[in-house]
Amino acid sequence: MRIARFVVDAEPQYGLVEGEADNPQADSEDLEVVVLHGDPFFQGIQPTATRHRLADVRLVAPIIPRSKIVGVGRNWADHASELGNAVPDSPQFFLKPNTSVVGPGEPVTLPSWSDQISYEAELAVVIGTICKDVPAERVDDVVFGYTVGNDLTARDAQKSDLQWARAKGFDGACPLGPWIETGLSSADTEDLGIRMELDGAVVQDGRTSGMVFGVKEIVSAVSQAFTLLPGDVILTGTPAGVGLVEGGQRTEATVEGIGTLTTVFRR
């Protein structure tokens, strides 16, 4: 199932996206959204009788984490290599605030203090229940679903600052969407295609089989460091091919089996 968050008549709501299962485009004429009763993270998935054409509503970020976004650094050997970094022996974490989240198609204003904002297409894990010290074999029990992330990074600040808080956490630094796919298991995520297009040109093209640590290892390790809450998001890292964006450009991050996340940039 694909769980979206959308706005219609100025009211944010959750919905179940129905239509052509293999079509990743959020603006497809073939897709509809069935309104859900309440918050599916706390009330379960309860469809109502109300539905809309997806083209008639505005998608927003499928989740605004109540607690945190945890990023995993240097989790692809090719990406670590292109930045001149060694592959870590264990998962390495950083945090993004929930104010960094924007939804599909929402503009990101590039910060005035950086000239080097970089895109990073990523598989994002969405946690569904409060948990701590989760064994790898129990990870599927705590995952609500998966979405697409774009881990925007200010490379100049990442190099100059002692911590990555500013480089990774500025407003708009975490586009998420277009929806949450709940039909995948952690085993299904072991070999998914991840692609990033910049103004229509493919700049990243990898498969999750290239990750150093898989979803089970990552979620288990994150839960040893932090108590995870419903709606928390874990970004699992990016393949090689990262580059810079400028105002007026557009990225499209696609994860196979989930969908495409579009982000536009402005100065």
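Just above sits the structure.
Since this is a predicted model, take the numbers as computed values, not measurements.

Details of the pattern of salt bridges
Scanning the model with the defined rule gives 14 salt bridges in all. One network of salt bridges, with partners in common, ties together Lys96, Glu120, Asp151, Arg155 and Lys168.

A short note on the sheet that holds strand β9 (residues 107-109)
Adjacent strands of a sheet pair through backbone hydrogen bonds, lying either parallel or antiparallel. The mixed open sheet is built from five strands, whose spatial order is β9-β19-β18-β15-β16. The outermost strands of the open sheet, each flanked by one partner alone, are β9 and β16 (201-207). Across this sheet, the average inter-strand angle for adjacent strands is 20°, counted without regard to direction. Note that β9 and strand β19 (residues 259-266) share three bridges and pair parallel. Bridge pairing in β19 places Thr109 opposite Arg266.

As for the packing of aromatic side chains
All chains considered together, the criterion is met by five aromatic pairs. With a centroid separation of 6.0 Å and 85° between ring planes, the pair formed by Trp113 and Phe170 is classed as edge-to-face. Remark: Phe170 occurs in the loop between α5 (165-169) and β14 (174-181) and Trp113 occurs in the loop between β9 and β10 (117-118); sequence separation between them is 57 residues. Take Trp113: its relative accessible area is 37%, and that puts it in the partly exposed class. Look at Phe170 and you get buried, because its relative accessible area is 7%. Members of the aromatic cluster, connected to one another through ring pairs, are Tyr14, Phe41 and Phe144. One Lys or Arg, Arg2, reaches over the ring of Trp179 and ends 5.4 Å from the middle of that ring.

Some remarks on unusual backbone geometry
Note that the residue after Gly177, namely Pro178, is joined by a cis bond; omega there is 0°. Inspection of the secondary structure puts Pro178 in strand β14. Phi angles above zero are rare outside glycine, and Asp199 is one such case at about 50°. Mapped onto the secondary structure, Asp199 falls in the loop between β15 (193-198) and β16.

The rules behind each value
Residues numbered from 1 in each chain as written. Predicted model: local features only at pLDDT ≥ 70, side-chain atom pairs only at ≥ 80, totals over all residues. Heavy atoms only, no water. Salt bridge = Lys/Arg side-chain N within 4 Å of Asp/Glu carboxyl O. Pairing = 2+ DSSP bridges. Helix = DSSP H or I, 4+ residues; strand = E, 2+ residues; numbered from the N terminus. Axes fitted to C-alpha atoms, helices over the stretch in contact; angles between N-to-C directions. Phe/Tyr/Trp six-rings, centres within 6.5 Å; stacked < 30°, edge-to-face > 60°. Buried < 20%, exposed > 50% of the residue type's maximum accessible area, 1.4 Å probe, protein only. Lys NZ or Arg CZ within 6 Å of the ring centre and 35° of its normal.

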